[in-house]
Amino acid sequence: MLTPETFLARYPAGAAAPGSEDAARLIAVATAWMEKQTDRIFGDVRAVDTVVDGNGKDVLWLVEVPLEGEGSDPPDPVTVYEAAYRGAAFVLLEPWEWVLRGRYVYRVRPALWWRGREYLFRYLVGYAPDTGPADVREAVAQVAEWLWNQGRAATAGQGIRSERLGDYQYTLGGDGVERLREDIPFVFDVIASWRRVPV
């Protein structure tokens, strides 16, 4: 979504900017944090597997809209598997058995996703470098910059607190997220607009 080069271009010449490797780590942490806050996927293109229980209706929905076209592997944007019961082996469904419309997958033959069965959807999601929603890219950049500044403040003697998010570890100064909320409220406006709300 956001490249280190684009992030580093925000810093004027001579400013205390992170190196390229640090910038990449800061972006990864900020992106992972935004994904956790919104329950959405904003990072680089990657394959995901989503397992969904059959609902006895003709439509199921995916977490995100699958990527289509060039670079999509397999060539079909989604591969669908069915398990007769929880824990059973998944069996590939033929493409003529379902239809993809955005993030909705409609069952054609038979005309419903059987209740009590599990369905595995394998597809690509994410964004190419320097693409994706502009407000989210800006929020990621602001969080990464804030984390960098907090790290610099910590080396000047201010208190720090370490936190871990998945494979990433980062340090927040003072009260962490509450301080982030006070320093850059724009980020929380973006989170609110993108947060997935359970139905």
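Before going into details, it helps to say that this report is about the structure given with it.

**Some thoughts on the nonpolar core**
Of all hydrophobic cores here, the largest spans 27 residues; its most connected members are Phe7, Trp33, Met34, Val140 and Val187. Listed by contribution, the elements that provide at least two residues to this core are helix H2 (20–38), helix H3 (134–155) and helix H5 (185–194). The biggest single contributor to this core is H3, with 9 residues. Those residues in contact with valine 187 that sit more than four places away from it in its chain are Trp33, Met34, Ala139, Gln142 and Val143. Residues Leu60, Leu62, Leu100 and Val105 belong to the second largest nonpolar core, which totals 16 residues.

**Let's talk about the packing of aromatic side chains**
Per the counting criterion, the structure on display carries 5 aromatic pairs. Plain terms: the ring middles of phenylalanine 7 and tyrosine 11 are 5.7 Å apart, the flat faces sit at 80° to each other, and that makes the pair edge-to-face. Since its relative accessible area comes to 0%, phenylalanine 7 is described here as buried. Where tryptophan 113 meets tyrosine 119, the ring centres are 4.8 Å apart and the plane angle is 80°; that geometry is what we call edge-to-face. Tyrosine 119 gets classed as buried once you look at its relative accessible area, which sits at 0%.

**Some details on the environment of proline 66**
Tracing the sequence through the fold places proline 66 in the loop between strand S2 (59–61) and strand S3 (78–83). For proline 66, a relative accessible area of 5% puts it in the buried group. With 38 residues separating them in the primary sequence, proline 66 and tyrosine 104 have C-alpha atoms 10.0 Å apart. If sequence neighbours within four positions are ignored, proline 66 has contacts with Pro77, Val78, Leu100, Gly102, Tyr123 and Leu124.

**What to know about the sheet that holds S3**
Strand order in the open sheet formed by 4 strands is S1-S7-S3-S4, and the pairing between neighbours is antiparallel. Of all the strands in the sheet, just strand S1 (46–53) and strand S4 (91–92) have a single pairing partner and so form its edges. Pairing geometry for S3 and S4, over 2 bridges, is antiparallel. Considered in S4, the bridge of glutamate 82 is made with valine 91.

About the cut-offs
Residues numbered from 1 in each chain as written. Predicted model: local features only at pLDDT ≥ 70, side-chain atom pairs only at ≥ 80, totals over all residues. Heavy atoms only, no water. Core = buried A, V, L, I, M, F, W, Y, C linked by side-chain atoms within 4.5 Å. Buried < 20%, exposed > 50% of the residue type's maximum accessible area, 1.4 Å probe, protein only. Helix = DSSP H or I, 4+ residues; strand = E, 2+ residues; numbered from the N terminus. Contact = heavy atoms within 4.5 Å. Phe/Tyr/Trp six-rings, centres within 6.5 Å; stacked < 30°, edge-to-face > 60°. Pairing = 2+ DSSP bridges.

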